[in-house]
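Structure assessment
Residue strings, one per chain:
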Amino acid sequence: MRIIDLSTPVDAGGWEPDPITHKVLTPAEGAAHMAEGMRERFGVEFDTSVLPGGELLSLDTLTLTTHTGTHVDAPSHYGSRARYGTPRHIDQMPLDWFIRPGMVLDLSKEPVGAVGPKVLRRAFERAGRPPQPMEIVLLRTGADERAGTPEYFTTFTGLDGAATRLLLNLGVRVIGTDAFSLDAPFGHMIEEYRRTGDRGVLWPAHFVGREREYCQIERLANLAALPAATGFTVACPPVKIAGAGAGWCRAVALIDED
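As the structure is a prediction and not an experimental result, all values here were calculated from the model. (Residues numbered from 1 in each chain as written. Predicted model: local features only at pLDDT ≥ 70, side-chain atom pairs only at ≥ 80, totals over all residues. Heavy atoms only, no water.)

This part takes up helix 2 (residues 117-127). Taken together, the buried positions of helix 2 are occupied by Val-119, Leu-120, Ala-123, Phe-124 and Ala-127. The buried residues of helix 2 occupy an angular sector of 145° when projected down its axis, which confines them to one face. Seen from the buried face of helix 2, the exposed residues on the opposite side, beyond 90 degrees, are Lys-118 and Glu-125. Contacts made by the buried residues of helix 2 are with strand 5 (99-106), strand 6 (113-115), strand 8 (157-159) and helix 3 (161-169). Positioned one or two residues after helix 2, Gly-128 has a phi angle of 100°, which is positive. (Buried < 20%, exposed > 50% of the residue type's maximum accessible area, 1.4 Å probe, protein only. Helix = DSSP H or I, 4+ residues; strand = E, 2+ residues; numbered from the N terminus. Arc of directions from axis to C-beta. Contact = heavy atoms within 4.5 Å.)

This is how it looks when you write it as C-alpha cells:
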C-alpha cells in the first residue's frame, strides 16, 4: 500500500490570520519542568542530575485555532441551529465518515471565486463518473502552492451553495479542498455582496450545512500527487476535541498497489 500525505503542517513560521504560538521546552528544560511540577503538585522532590545528561523529555505548547492546518469542520461550525436538528460537534461525528473511498476533482483552472454545478459536472465528466454515496470528494484548486503566505487566504476557488447541494444530493457527506475555505475568499464574497446586495453570496457553502449535515476538510495539500481521480481511500479522522466545531487531522490517501 502506498500512502500519500494530503496534509499541510501546523507551522508557526508561516503566515496565518490567527498567528500560531509554538513554545518549545528542551529536554533539559523539560526535566526542570517535571521536577517543579512534582514538587508543587505532589510534594515529591526529584534531583534531575540523576537523569542522563540532566535531560528528560521535550515539551511543545501551542496556541492556535482548530482551523489551523488541515482540519475537519463539524456541523456545529456552520451555526447553532439547523433545519435537521441540533448540529453535532466534531467529537460526535461517526468515524466511518472519514475513512472512505475518495474522488479528486480538478478545479485548478477555475478563477478566484465560487464555481457552480456546471463546473462540477464538467469535472465529473473528466473524472469518468459522478461521486458515489459516502465517497470523500476532494477539490484540487492548486491553492496549496501558496500555503504559508498571505495569498493563500485571498486567492483560491470555492463552491457556491448550488454546487455544494449537488454533492450532498449525490450522497457525499465529506467535501475536502486544498484551499483555505470551501467558500470563495472573504474579500471576493464581500465585494460580490456589495455589488449585488445578494446575501446568498456570503459563505453559501458553509451555510448549506445549516440545511444538511455534512463536514468539510479544509487546507489539504498535494492533491496533484494522486495518480487518478478515483481508486484510493481517504483517511482523515479528526482529533476528538469535546464540544469543538472542528478538529485537526492528518489526512492521507491510501493506494493499494497489488
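Glancing now at a positive patch on the surface. Together, Lys-109, Lys-118, Arg-122 and Arg-126 line one region of the surface with positive charge. Assignment of secondary structure puts Lys-118 in helix 2. (Patch = residues over 30% accessible without salt bridge, like charges linked within 9 Å, V, L, I, M, F, W, Y side chains within 5 Å. Areas by Shrake-Rupley, 256 points an atom, 1.4 Å probe, with all protein chains shown as cover. Salt bridge = Lys/Arg side-chain N within 4 Å of Asp/Glu carboxyl O. Lys, Arg positive; Asp, Glu negative; His and termini not counted. Charge placed at Lys NZ, Arg CZ, Asp CG, Glu CD.)

With that settled, consider the side chain of Gln-216. Following the sequence through the fold, Gln-216 ends up in strand 10 (residues 215-218). We classify Gln-216 as buried; its relative accessible area is 0%. For Gln-216, the side chain forms a polar contact with the side chain of His-206, separated by 3.3 Å. Once residues lying within four places of it in the same chain are set aside, the contact partners of Gln-216 are His-71, Val-72, Asp-73, Tyr-78, Ile-175, Leu-182, Ala-205 and His-206. (Polar contact = N/O pair within 3.5 Å; in protein donor to acceptor, adjacent residues only side chain to side chain.)

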